[in-house]
Amino acid sequence: MTARRTHIGLPVSQLDAARQTLGESDPVSFAGTRPRDRHSHQLTRRFRPASVQKSRNLRASPGGHTEPTDESLAGTALRELHEETGIPPQAVTPWPGYETVPFDIDIHDIDANEGKGEPGHQHFDLRFLFRLHTTNEVEVMLQEEEVGGIEWRPVGRAASPSLREKLLKLPLQVGPVTANASALIYNDRSEYLLHLRDYLPGQIWEPGMWSLLGGGREPQDATLEHTVRRELAEEAGLAIAGLTPFGTEEATDDAGRTVPIAVYAGRWNGDPRDLHLTEGVMLAWFTPSDLHRLRIADTTRDLVRRHAASRPASTASRSGVASHEERRPSAPHGTVLNVIGVHLYLERPDGTVLLGLRHPDSAFAPSTWHVLAGHCEQENAVACLIREAREEASLHIERQDVELVHVVHHIDKPGDRPRMGLFFRVRTWSGEPELREPDKCTQWRFWDPAALPDDLVAYTRVAIEKIQNGELYSETGWSA
């Protein structure tokens with residue numbers, strides 16, 4: 001068991017927000033203590049793997065400030081754990097009941113530093129609680145510039161009195177728990193996105209019922225936020241910019257076991273009919289008052305209503321905002337809506353172009369090379385490009401460095417929905433391509449446009465050739 005310490009500097013004005021996030025019922029102490037050095041070289045002295053079985057914790061937990069690439073505070077904790085000790089995020093799992101919230105918060109005063117021009121302020125140390133998946137020896141690779149060694153210590157010798165008191169109250173033995181995460185998605189009309197599951201009795205959970213999108217944690221998921229984001233992408237091709245922890249619910253599976261489910265809430269104002277659903281029957285918006293008409297689990301119904309009650313009253317009726325169906329523009333007879341996709345044409349100074357190899361299980365173009373791409377949500381095309389580049393490959397792009405270089409109007413086969421592909425060239429960027437979504441893309445590689453791979457998405461090949469020739473528009477898949 002390891003109590004992880006994450007340091008994050010928050011303005012005093014955000015204290016109430018932090019408390020609200022954790023919830024009044026969470027066992028969190030707000031007693032202040034004096035600050036401690038963020039990078040202590042006296043963290044540890046030796047590592048004894050066998051003692052992990054006896055519910056022991058690190059002498060002083062690794063930690064550090066958040067970075068722009070961290071998707072959550074728990075993600076910061078796991079990144080620091082890996083950087084300072086070499087222990088990968090996949091080797092640990094959140095302690096049951098603390099999947100989405102810190103185990104402890106330490107608040108202390110920081111004196112003014114005139115040399116750095118920093119005023120006095122309060123500092124928040126958020127500690128997240130994880131436990132190892134295995135009692136076997138864990139390979140450790142120390143970050144030598146910050147860590148001198150590692151030691152596992154008895155819980156009773158934890159340095160912080162408030163942390164020690166909480167740790168001593170935990171059960172020493174906790175059985176393996178299946179980690180699950182679900183997405184509670186709502187829109188500005190106070191409607192909630194529900195998923196009608198396939199009717200496969202005995203094969204899936206809640207067959208033929210309306211439920212939330214989500215699923216179980218997989219080995220590549222560093223955190224439960226990664227789990228829910230992966231599930232949204234896999235099941236519906238959906239990416240929600242801002243997901244926040246709402247709480248942990250308990251459900252009972254077919255075997256009668258209690259399964260904790262981390263719930264993340266996020267706002268999205270799109271049309272579910274435009275999503276590419278790979279599992280289940282359909283997605284649809286419902287208001288909390290509609291739920292009594294649905295075949296839905298009591299726990300899901302109560303969860304939606306509880307979240308709705310926690311939000312400010314909707315002003316839709318008072319402001320004259322129309323319903324989802326009323327707001328959908330009526331198209332002239334014969335008009336067909338086109339899907340808008342954005343594509344990154346990333347060319348290095350040597351002329352090579354970035355392509356990614358799609359996962360063998362991908363619903364679209366499996367085991368095929370393609371440029372970095374994505375679909376627009378409730379956002380403009382350039383904002384979508386910037387978001388997709390950051391989420392899929394850790395590439396940071398500024399709006400002023402983006403230019404449209406090609407548009408391809410394509411259709412896969414007659415009867416399919418037409419698609420308009422926008423290809424943007426980026427003049428400058430920061431970062432090197434990283435595999436942020438290994439369930440979608442298995443590798444990134446720069447290719448010579450004159451020697452592109454054979455297994456390349458057809459319209460992408462056409463677009464690259466046209467861009468090389470300076471042509472702005474092309475069409476593929478349409479009958480002559």
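A. View of the pattern of salt bridges. In total, this model carries 24 salt bridges according to the counting rule given. A salt bridge links Arg425 to Glu347; its shortest N-O distance comes to 3.9 Å. One end of the pair, Arg425, is in strand S19 (residues 419-426); the other, Glu347, is in the loop between strand S14 (339-345) and strand S15 (353-358), with 78 residues separating them in the sequence. The partly exposed category is assigned to Arg425, whose relative accessible area is 21%.

B. Quick look at the sheet that holds strand S20 (residues 441-447). Pairing is antiparallel across the open sheet formed by three strands, whose spatial order is S16-S15-S20. Since the sheet does not close on itself, it has two edges, and those belong to strand S16 (369-370) and S20, each with one partner. For S15 and S16, the ladder comprises two bridges, and the chain directions are antiparallel. Counted as the bridge partner of Leu357 is Trp369 from S16.

C. Structural detail: helix H8 (residues 381-393). The end-to-end C-alpha distance of H8 is 18 Å, a good match for the 18 Å that 13 residues give at a rise of 1.5 Å each. The element H8 is extensively covered by neighbouring structure, given that eleven of its 13 residues are classed as buried. Those residues of H8 that fall on the buried side of the exposure criterion are Ala381, Val382, Cys384, Leu385, Ile386, Arg387, Glu388, Ala389, Glu391, Glu392 and Ala393. Considering only its buried residues, H8 is in contact with S14, strand S17 (373-375), strand S18 (402-410), S19 and S20. The residue sitting at the N-terminus of H8 and contributing the capping side-chain oxygen is Asn380; that oxygen lies 3.3 Å from the backbone nitrogen of Val382. Following H8 by one or two positions, Ser394 has its phi on the positive side, about 60°.

D. Seen up close, unusual backbone geometry. Positive phi, normally seen in glycine, also occurs at Ser190, with a value near 60°. The topology assignment puts Ser190 in the loop between strand S7 (180-186) and strand S8 (192-196). Notably, Ser367 is not glycine yet its phi reads approximately 55°, a positive angle. Ser367 sits in the partly exposed class, given a relative accessible area of 37%.

E. Broad picture of the side chain of His370. Looking at the element boundaries, His370 is found in strand S16. Polar contacts involving the side chain of His370 include one to the side chain of Tyr459, which spans 3.4 Å. Contacts of His370, omitting those with residues within four sequence positions, involve His343, Leu355, Gly356, Arg358, Phe364, Leu456, Val457, Tyr459 and Thr460.

F. Helix H9 (residues 458-468), seen in detail. When H9 is considered as a whole, its buried residues turn out to be Tyr459, Thr460, Ala463, Ile464 and Ile467. For H9, the buried positions fall inside an angular range of 140° around the axis, keeping them on one side. Elements in contact with the buried residues of H9: S14, S15, S16, S18, S19 and strand S21 (473-476). Count one or two residues on from H9 and you reach Gly470, which has phi positive near 75°.

G. View of the sheet that holds S18. In space, the five strands of this open sheet follow the order S17-S14-S19-S18-S21, with mixed pairing throughout. Looking along the sheet, the strands with just one partner apiece sit at the ends: S17 and S21. Within this sheet the neighbouring strands show an average axis-to-axis angle of 25°, counted without direction. When S14 meets S19, the two strands line up parallel, connected through seven bridges. The partner of Val342 across the bridge, within S19, is Leu422. Seen against the sheet, H9 touches S14, S18, S19 and S21 and runs at an angle of roughly 135° to S18.

Criteria and thresholds
Residues numbered from 1 in each chain as written. Predicted model: local features only at pLDDT ≥ 70, side-chain atom pairs only at ≥ 80, totals over all residues. Heavy atoms only, no water. Salt bridge = Lys/Arg side-chain N within 4 Å of Asp/Glu carboxyl O. Helix = DSSP H or I, 4+ residues; strand = E, 2+ residues; numbered from the N terminus. Buried < 20%, exposed > 50% of the residue type's maximum accessible area, 1.4 Å probe, protein only. Pairing = 2+ DSSP bridges. Expected span 1.5 Å × (residues − 1). Contact = heavy atoms within 4.5 Å. Polar contact = N/O pair within 3.5 Å; in protein donor to acceptor, adjacent residues only side chain to side chain. Arc of directions from axis to C-beta. Axes fitted to C-alpha atoms, helices over the stretch in contact; angles between N-to-C directions.

Purely geometric numbers; function is a separate question.
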